[in-house]
Amino acid sequence: MDFLRRNHIYLVGLSLLALASIYFNWNCPPQFDESHAWNIAKYLSPLQIFEITKTEGHPFLWYYLLMPFAKTDFIYPYSLYALNLILFLVAFFIFYRFALFPTYLKYLITLSAPFLQLYSNFARNYTLTILFLFATLSLYKERHKHQILYLSCIILLANTHLLGLFMALPLGLFFFCETIKIAQTKNFIPLFITLNFGLLELVLLLLQFYGYDSATATATPTFNTLYAGLNKAFYPLNAPLFCLLILSALYLQIKQKSYISALFLMITTGLQLFLYTCIYQGGIQQHHFLYISLIASYWLSLVSTPHNTKKLYLLPLTLMSFALIFNPYSSYKTKYLQNYQNNLKESALALNRLYQNNPAKVILFEQFDANIIRPYLNNNITLLNQQMTDFSDFQSFQRFLIWFQKAIQPKDIADYIKKYPNTLLFRTCGEQNYYNTNLIFTLKHYLNRAYCLYEIKVN
């Protein structure tokens, strides 16, 4: 009983997160973003992944972690889900062990929708960002004692996601200023080490993002306004109430002279809002990092002023965490998407059975669908995109965001079919026959209730 009393947060919290991951991922193939990262890790080399970041916008670290599993086709998608869950449980073990929040607040944060419904089962690089953010904060109190480990965590954090870079930037700048102050006492070693780590991160950023096409993000579809997106992310609160809670937290931290935590919160929320307003609108998986910034700022505050655990001081974070328990919009593993992704998986397996011993070329113009079915297809099946190139080659990934919204040109298809007449079209089932001025499509196979294969002939 004494063991349970002392460790209930670990036993209950980690169990809830693991069960949530299993529940949401049960019989649900990975969605587009998850499978897209898997495909990149499978088909591209380590050097090409550095090149692809210019158009993908995501740093290399998550792809490198996926590589051993993706390149060996190791029990997809379970290895993907297991990797994400292990990293997430480690992150929360660190959170329970080192964050100085009261136990009730740790439970509220665990039960909040971003963690229980989204990041615990959404196998993306966001999990890595949370892990290395929590690891960095756990070292903050003894950062000068463990300088190399602390700076290593900051660099790893910066290379998980652009949002991770936003979190790493103020933490790195704060530490740099501290080492300048130490150097005034004739101890230059900490400053020398910090400058070298800073130079390393600058080199990594230049290698990955130099030459980035600023027009790429504009090709990403948006489905509502930023204001509506924030209202959805923080429901049952809304964007104005969220801003009020952030301002309240800033006021309380400044009042308690927790200037570092207040500055961290201002920088990270300011950079995120600038990103969502001026560059990329983002989705709920990004918007929830405004909440994570608030958690991190209070973690920093309590490290420097551990007596500030009074309920009034923690009220903004407590209210937001409690409200987000009731957010119904955070999960990407909805029943509708589960059916859609299962239909794609079943059609890919049917395609494998039809062409088990023979090569096949299949055109799939819907790039989101192509990403989801590609990991399930046998290697003898070539998947083509609207550029009429192999979906798994470097160019198809490099130009993905530019091409997936462009109109398909029938003449390009006709020219390709003249060279490769046995190429098939994968699409949703419709008429037995249909045609346009260049092409005639004839139903060849029902793959399942949703998707069919069509023969293509030049008209």
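Quick look at the structure, then. For every chain, the first residue of its written sequence is number 1, and the numbers climb from 1 along that sequence. Whole-chain, interface and lining totals are the exception, using all residues; otherwise, since this is a predicted model, local features are given only for residues with pLDDT of at least 70 and side-chain atom pairs are given and counted only at 80 or more. Hydrogens are left out, water is left out, and the side-chain values use all remaining heavy atoms of the structure.

1. What about the environment of Gln367?
- Elements are defined by DSSP. Helices are runs of H or I of four residues or more, strands are runs of E of two residues or more, and each kind is numbered from the N terminus. One can find Gln367 in helix α19 (residues 367-373).
- Once the C-alpha coordinates of Gln367 and Leu384 are considered, the two residues, 17 residues apart in sequence, prove to be 9.7 Å apart.

2. Thoughts on the sheet that holds strand β4 (residues 433-435)
- Strands pair, by our definition, only if DSSP identifies at least two bridges between them. The 6 strands are arranged β2-β1-β3-β6-β5-β4 in an open sheet whose pairing can be described as mixed. The open sheet has two free edges, formed respectively by β2 (381-384) and β4, since each of these has just one partner strand. Taken over all neighbouring pairs, the strand axes of this sheet differ in orientation by 35 degrees on average, direction set aside.
- In this structure, strand β3 (residues 424-428) lies alongside strand β6 (residues 451-458), joined through 5 bridges in antiparallel fashion. Every angle, taken between N-to-C directions, lies between 0 and 180 degrees, and every axis is a line fitted to C-alpha atoms, over only the stretch in contact when it is a helix.

3. Examining the side chain of Thr110
- Structurally, the position occupied by Thr110 is in helix α6 (residues 103-111).
- We classify Thr110 as buried; its relative accessible area is 1%.
- Contacts are assigned to residue pairs that have any heavy atoms within 4.5 Å of one another. Residues within four places of Thr110 in sequence aside, it is in contact with Gly13, Leu17, Phe92, Tyr96, Phe115 and Leu116. Burial here depends on accessible area, computed with a 1.4 Å probe over protein chains only, as a share of the maximum for the residue type. Under 20% is buried, over 50% is exposed, and the range in between is partly exposed.

4. A few points about the packing of helix α4 (residues 61-70) against helix α5 (residues 78-98)
- Direction vectors running N to C along α4 and α5 enclose 135 degrees, while the axes themselves pass 10 Å from each other. Between α4 and α5, the angle falls in the class oblique. Of the two elements, α4 crosses α5, and the hand of that crossing is right-handed. Each of Trp62, Leu65, Leu66 and Phe69 in α4 lies in contact with α5, whose residues at this interface are Ser79, Leu80, Leu83 and Leu87. Relative orientations are named as follows: roughly parallel for angles under 35 degrees, roughly antiparallel for angles over 145 degrees, roughly perpendicular for angles from 65 to 115 degrees, and oblique for any other angle. By definition, any crossing whose near helix is turned counterclockwise from its far helix by less than a right angle is left-handed, and any crossing with a clockwise turn is right-handed.

5. Brief notes about the pattern of salt bridges
- The working definition used for a salt bridge is a side-chain nitrogen of Lys or Arg within 4 Å of a carboxyl oxygen of Asp or Glu. One pass over the full model with this rule turns up 7 salt bridges.
- The salt bridge partner of Lys444 is Glu455, with a shortest N-O separation of 3.4 Å. Residue Lys444 is found in strand β5 (residues 439-446), and its partner Glu455 is found in strand β6; the two are separated by 11 residues along the sequence.
- Under the relative-accessibility criterion, Lys444 is labelled partly exposed at 37%.
- On the accessibility criterion, Glu455 (30% relative accessible area) is partly exposed.

6. What to know about helix α17 (residues 315-324)
- Burial of α17 is extensive: 7 of the 10 residues sit out of reach of the surface.
- Taken together, the buried residues of α17 touch α6, α7 (113-119), α12 (226-233), α13 (239-255) and α16 (289-304).

7. Examining the layout of surface pockets
- A cavity here means a set of 1 Å grid points, computed over protein atoms only, where a 1.4 Å probe fits but cannot escape. A pocket is an open set with protein on both sides within 12 Å along at least 5 of 7 lines, and lining residues have an atom within 4 Å of a point. Grid points are joined across faces, edges and corners, and a volume is the space filled by probe spheres set on the points. Considering only enclosed or pocket space, the second largest pocket measures out at about 420 Å³ in volume.
- Lining the second largest pocket are 18 residues, with Leu169, Gly172, Phe197, Gly198 and Glu201 sitting closest to its centre.
- Contributions of two or more residues to the lining of the second largest pocket are made by α9 (147-158), α10 (162-183) and α11 (189-209).
- No other element matches α11, which puts 8 residues into the lining of the second largest pocket.
- All residues other than Ala, Val, Leu, Ile, Met, Phe, Trp, Tyr, Cys, Pro, Asp, Glu, Lys and Arg, Gly among them, are scored as polar; the first ten of these are nonpolar and the last four charged. Classifying every residue of the lining of the second largest pocket gives 14 nonpolar, 3 polar and 1 charged.

8. Section: the state of the cysteines
- Whenever a pair of cysteine sulfur atoms sits within 2.5 Å, that pair is classed as a disulfide. What the rule picks out here adds up to 1 disulfide.
- Counting only cysteine sulfurs, Cys243 is the nearest neighbor of Cys278, a cysteine outside any disulfide, at a range of 15 Å.
- Of the residues examined, Cys278 reaches a relative accessible area of 52% and is grouped as exposed.

9. Thoughts on the packing of aromatic side chains
- Here a Phe, Tyr or Trp ring, Trp counted by its six-membered ring, pairs with any other such ring whose centre lies within 6.5 Å, and the pair is stacked when the planes are under 30 degrees apart, edge-to-face when over 60, and tilted otherwise. Scanning the model with the defined rule gives 39 aromatic pairs in all.
- Centroid distance Tyr235 to Tyr329: 5.7 Å. Interplanar angle 75 degrees. Geometry classified as edge-to-face. Taken together, the positions of Tyr235 in the loop between α12 and α13 and Tyr329 in the loop between α17 and α18 (335-354) put the pair 94 residues apart, joining distant regions of the chain.
- Assessed through its relative accessible area of 38%, Tyr329 is described here as partly exposed.
- Whether a charge sits over a ring depends on NZ of Lys or CZ of Arg being within 6 Å of the ring centre and within 35 degrees of the ring normal. The ring of Phe98 carries the charged tip of Arg97 above its face, separated from the ring centre by 4.8 Å.
- The cationic tip of Lys361 hangs over the ring face of Tyr420; the distance from NZ or CZ to the ring centre is 5.0 Å.

10. Remarks on the pairing of β5
- Pairing geometry for β4 and β5, over 3 bridges, is antiparallel. By the bridge assignment for β5, Tyr435 is matched with Ile440.
- Taking the residues that link successive antiparallel strands as the turn, the β4-β5 hairpin has 3 residues.
- Summarising the sheet, β5 and β6 pair through 7 bridges and their orientation is antiparallel.

11. Looking at the environment of Leu443
- Looking at the secondary structure, you find Leu443 in strand β5.
- On the accessibility criterion, Leu443 (15% relative accessible area) is buried.

12. Structural notes on unusual backbone geometry
- Residues Tyr76 and Pro77 are joined by a peptide bond in cis, for which omega reads 5 degrees.
- Looking at where Pro77 falls in the secondary structure, it is placed in the loop between α4 and α5.
- The amide bond that connects Tyr235 to the next residue, Pro236, takes the cis arrangement and shows omega of 10 degrees.
- Tracing the backbone through its elements, the reader meets Pro236 in the loop between α12 and α13.
- Even without being glycine, Asp73 reaches a positive phi, approximately 50 degrees.
- Structurally, Asp73 can be placed in the loop between α4 and α5.
- By relative accessible area, Asp73 is classed as partly exposed at 37%.
- Positive phi is not limited to glycine here, since Lys186 has a value of about 75 degrees.

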